[in-house]
Amino acid sequence: MKNPVKLFIYSLLPVVCLSVNAQQIDQRLLHYADVIIINANLVSMDDYGVNTNIGSTYQAMAVRDGVIFDLGTNTDIRQLAGPDTNVIDVKGRTVIPGIVDTHAHIWDYAQGHWGPPLDDKTYSISAEDGDDWNDIVNKTLDLVTDLKSTLQEDDWVIISWPRRVAGIQSDVAIRNHQILTRQMLDARNAVQRIVIEGNRGVMNTRAMETYGKYFGGEYPEMDPETGIVLSATVDRLLFAEELYDMQTQIAMIGQEIKEWAAYGTTAWSSSVESYKQLAAVLALDAESRLATRVAYGLGPSFYRTMPLHPYLLYDFRGYGTDMLWFNAWSTTSNDGAYPLLATTIEARPEIKEREMLRGRNDYTRAYAAADLRFSNTHIAGDRTLDITMDMIEQGSQRAGMSIEQIQAKRHASDHCRLNPRPEQIPRLKKLGMIMSCAPKYIGGDGPEVEADYGAQYLDWLVPMKSMLDGGVMVVYESDTHAVAGVGHFYYLGQMVTRQTDQGVLGPEQRINRILALKTATTWAPYYLFKEDQMGTLEIDKYADLQVLNKDYFDEDAVPDSMLKTIRPLMTMVGGKIEYLDPGLAADLGQAPKGIQPQQLIGQIHIWEQGENTQNLDATSNIDQ
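It should be emphasised that the depicted structure is a prediction, and the values quoted were computed from it without experimental measurement.

**What to know about the packing of aromatic side chains**
Okay, step 1: As enumerated under the stated definition, the model contains 22 aromatic pairs in all.
Okay, step 2: Where Y296 meets F326, the ring centres are 5.7 Å apart and the plane angle is 70°; that geometry is what we call edge-to-face. Of this pair, Y296 sits in strand β18 (residues 293-298) while F326 is found in strand β19 (residues 324-329), placing the two residues 30 residues apart along the sequence.
Okay, step 3: Accessibility expressed as a relative area gives 10% for Y296, which makes it buried.

Structure below.
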């Protein structure tokens, strides 16, 4: 009979041997890398300080299951490749984290860029020499009268007006002087649904009723008596809900997001007003069709209908998926776009007449009192920022919050359009607020600010240096579809040079290129509550990155004035290539991928040739 003790010992030997062998095997090889990048000038941007340190640099990276699982030398990282690993040799090119854009209205850009034509619904009234606003009104009334018999009942008629006539803004003419009302439109045409579009507009009764159904017969952001629209958010909600069906929304938003990957964008944030647009992006996420990560803030449309879904009043920021999550509550805007922003600056009466505040400022206080985070909101003037901080402090006091608890919310203000003024900076730091700043406003608003308020206030336009010196966290936003024509690096370059078509505006607010890049990479995820997962190239973070056509960090090869000529040749989100330039694709023996940014490529070629260009600061001035 065999010895049972020996049999038991022998049976353990394979287990012991396997255990010893497992300890000798490199644990990283228990699952080969999905993607390896080699021969890179890989800059992690993992130094979080307000300094010129770019952080750690590497030759190579290994990606597994969408995250970075090792960084090091070519020799070390090559060992992690298996038979199916996609090995990408970037041949010395610079690799940096993807761009995190903290404020971009991509759903709205999608309508104009990828949506079906609305030529049968849109009309334009232009001003001739010598016209005043009475002439514009008469042309409008004649047009809607003519359309009454040629269109179907309930057809949409969307009419755009000139921005300024006889020196008076359309917004002021409508809001302050009430040159056109719904009664005047109804008298000429009560059959079709008529909208005079703009930052301030007018609707006839038929259009108003369509809008009001979303709010139980109420008309938020409108004067129900006159039909005057007080915010462009009204048009945004109405057009998104009424002019595009769900499948169209899904298709065009999906395309727009895919397009932005070609500019190096790997994550972005925005408020959302439309239920259909939110449903569309949720559908794209459910179908794994999002090319970039998306953080959304729910706008006041949702807050007004809160009795229908009160569960949203809980603080669930960060909840969602790796690609789509809730970021904050938003009022969308607390004042108007230039020249309607609210300031503390003394100016001529006709300037102060334009300034305005939103009634929904009180929502900011309500959010803070409910222990919710406030961000994703247009705050243009310094007076509006004062009131916003008042609302945050008052609401937080109602909730019994300590200053540390307030700071932990990371409330935010977007645009830095004519704020903060210098004395507001210590208060921002005390509250722990994040400032999301759009460099486009340096040139976009600069000439008018100088003419309306004075050259000394140019330093209040995107005052990057003052805020960083004052200990305020500043992050990058684009807030424009002009990225399609000039790219993110044009705007990062504007932080560095303050150069516009009108010259250098507010030169004291210039910052260096490392700080500019940190606003769009290292620091930007704090706005999204994702700093542990993105923004730098570190082990266990998302493999969200871009391979550049030029070395951003080589000041000799790429002087500050030419930062705008940098663009990505490849954008990777979660280890998946979402954009691949044909030239780099040929080097890699792969097929190009994504939407090719031909407009940006053409513009960079013009810059490189030193040719004159059109005014790149004259971007859309749509109110929030």
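**Some points on the side chain of S330**
Okay, step 1: Counting through the fold element by element, S330 comes out in the loop between β19 and α12 (349-354).
Okay, step 2: Judged by relative accessible area, which is 0%, S330 ranks as buried.
Okay, step 3: In contact with S330, other than residues within four places in its own chain, are S271, L298, G299, P300, Y367, S375, N376 and T377.

**Here we look at the nonpolar core**
Soluble globular proteins: nonpolar side chains tend toward being buried together.
Okay, step 1: Counting residues in each nonpolar core, the largest one holds 130 residues, and the members touching the most others are M203, I257, L298 and Y552.
Okay, step 2: Those residues within four positions of I257 in sequence are excluded, and the remaining contacts are I106, W268, V281, L290, A291, T292 and V294.
Okay, step 3: In terms of nonpolar packing, the next biggest core, distinct from the first, is built from 23 residues, I68, V547, M570 and L588 among them.

**Section: unusual backbone geometry**
Okay, step 1: Note the cis peptide between Y338 and P339, where omega equals 15°.
Okay, step 2: Structurally, the position occupied by P339 is in the loop between β19 and α12.
Okay, step 3: The residue after N419, namely P420, is reached through a cis peptide bond having omega 0°.
Okay, step 4: Inspection of the secondary structure puts P420 in the loop between β21 (412-418) and α16 (425-431).
Okay, step 5: You will see that D479, though not glycine, has its phi angle at about 55°, which is positive.
Okay, step 6: When you line up the elements, D479 lands in the loop between β23 (473-476) and α19 (483-486).

**Looking at the environment of L30**
Okay, step 1: Within the fold, L30 resides in the loop between α1 (4-24) and β1 (33-38).
Okay, step 2: Taking C-alpha positions, L30 is 46 Å from V496, a pair spaced 466 residues apart along the chain.

**Observations regarding helix α4 (residues 133-148)**
Okay, step 1: In this model α4 runs 23 Å from its N-terminal to its C-terminal C-alpha over 16 residues, within 8% of the 22 Å that 1.5 Å per residue would give.
Okay, step 2: All buried positions along α4 are accounted for by W133, I136, V137, T140, L141, L143, V144 and L147. Here the buried residues of α4 occupy an arc of 160° about the axis, which is enough to place them on one side. Among the exposed residues of α4, those pointing more than 90 degrees away from its buried face are N134 and D146.
Okay, step 3: The distance from a side-chain oxygen at the start of α4 to the backbone nitrogen of N134 is 3.0 Å, and the residue carrying that oxygen is D132.

**Regarding the packing of helix α20 (residues 488-497) against helix α21 (residues 513-520)**
Okay, step 1: At a closest axis distance of 9 Å, the pairing of α20 and α21 adopts a crossing angle of 135°. It follows from the interaxial angle that α20 and α21 lie oblique. As for the relative orientation of α20 and α21, their crossing is right-handed in sense. Each of L492, M495 and V496 in α20 lies in contact with α21, whose residues at this interface are R513, A516, L517, T519 and A520.
Okay, step 2: Residues of the contact of α20 with α21, tallied by class, amount to six nonpolar, one polar and one charged.

**Regarding the environment of L537**
Okay, step 1: Structurally, L537 can be placed in the loop between α22 (525-528) and β26 (545-548).
Okay, step 2: The sequence separation of L537 and A190 amounts to 347 residues, and the corresponding C-alpha distance is 59 Å.

**Describing the sheet that holds β1**
Okay, step 1: Pairing within the open sheet is mixed, and its four strands lie in the order β5-β4-β1-β6. The open sheet is flanked by β5 (67-72) and β6 (81-89), the only strands paired with a single partner. Ignoring which end each strand starts from, the neighbouring axes of this sheet average 25° apart.

**Some points on the pattern of salt bridges**
Okay, step 1: Taken as a whole and judged by the stated rule, the model has 38 salt bridges.
Okay, step 2: Of the charged contacts in the structure, one is a salt bridge between R360 and E221, with a shortest N-O distance of 2.8 Å. Linking R360 in the loop between α12 and α13 (361-369) with E221 in the loop between α7 (205-212) and β15 (222-223), this pair joins segments that are 139 residues apart in sequence.
Okay, step 3: Assessed through its relative accessible area of 3%, R360 is described here as buried.
Okay, step 4: Judged by relative accessible area, which is 13%, E221 ranks as buried.
Okay, step 5: The shortest N-O distance in the salt bridge between E531 and R410 comes to 2.8 Å. Residue E531 is found in the loop between α22 and β26, and its partner R410 is found in the loop between α15 (403-409) and β21; the two are separated by 121 residues along the sequence.
Okay, step 6: The exposure class of R410 is buried, given its relative accessible area of 18%.

What counts, and where the lines are drawn
Residues numbered from 1 in each chain as written. Predicted model: local features only at pLDDT ≥ 70, side-chain atom pairs only at ≥ 80, totals over all residues. Heavy atoms only, no water. Phe/Tyr/Trp six-rings, centres within 6.5 Å; stacked < 30°, edge-to-face > 60°. Helix = DSSP H or I, 4+ residues; strand = E, 2+ residues; numbered from the N terminus. Buried < 20%, exposed > 50% of the residue type's maximum accessible area, 1.4 Å probe, protein only. Contact = heavy atoms within 4.5 Å. Core = buried A, V, L, I, M, F, W, Y, C linked by side-chain atoms within 4.5 Å. Expected span 1.5 Å × (residues − 1). Arc of directions from axis to C-beta. Polar contact = N/O pair within 3.5 Å; in protein donor to acceptor, adjacent residues only side chain to side chain. Axes fitted to C-alpha atoms, helices over the stretch in contact; angles between N-to-C directions. Parallel < 35°, antiparallel > 145°, perpendicular 65-115°, else oblique. Left-handed = near helix turned anticlockwise from the far one by under 90°. Nonpolar A, V, L, I, M, F, W, Y, C, P; charged D, E, K, R; others polar. Pairing = 2+ DSSP bridges. Salt bridge = Lys/Arg side-chain N within 4 Å of Asp/Glu carboxyl O.

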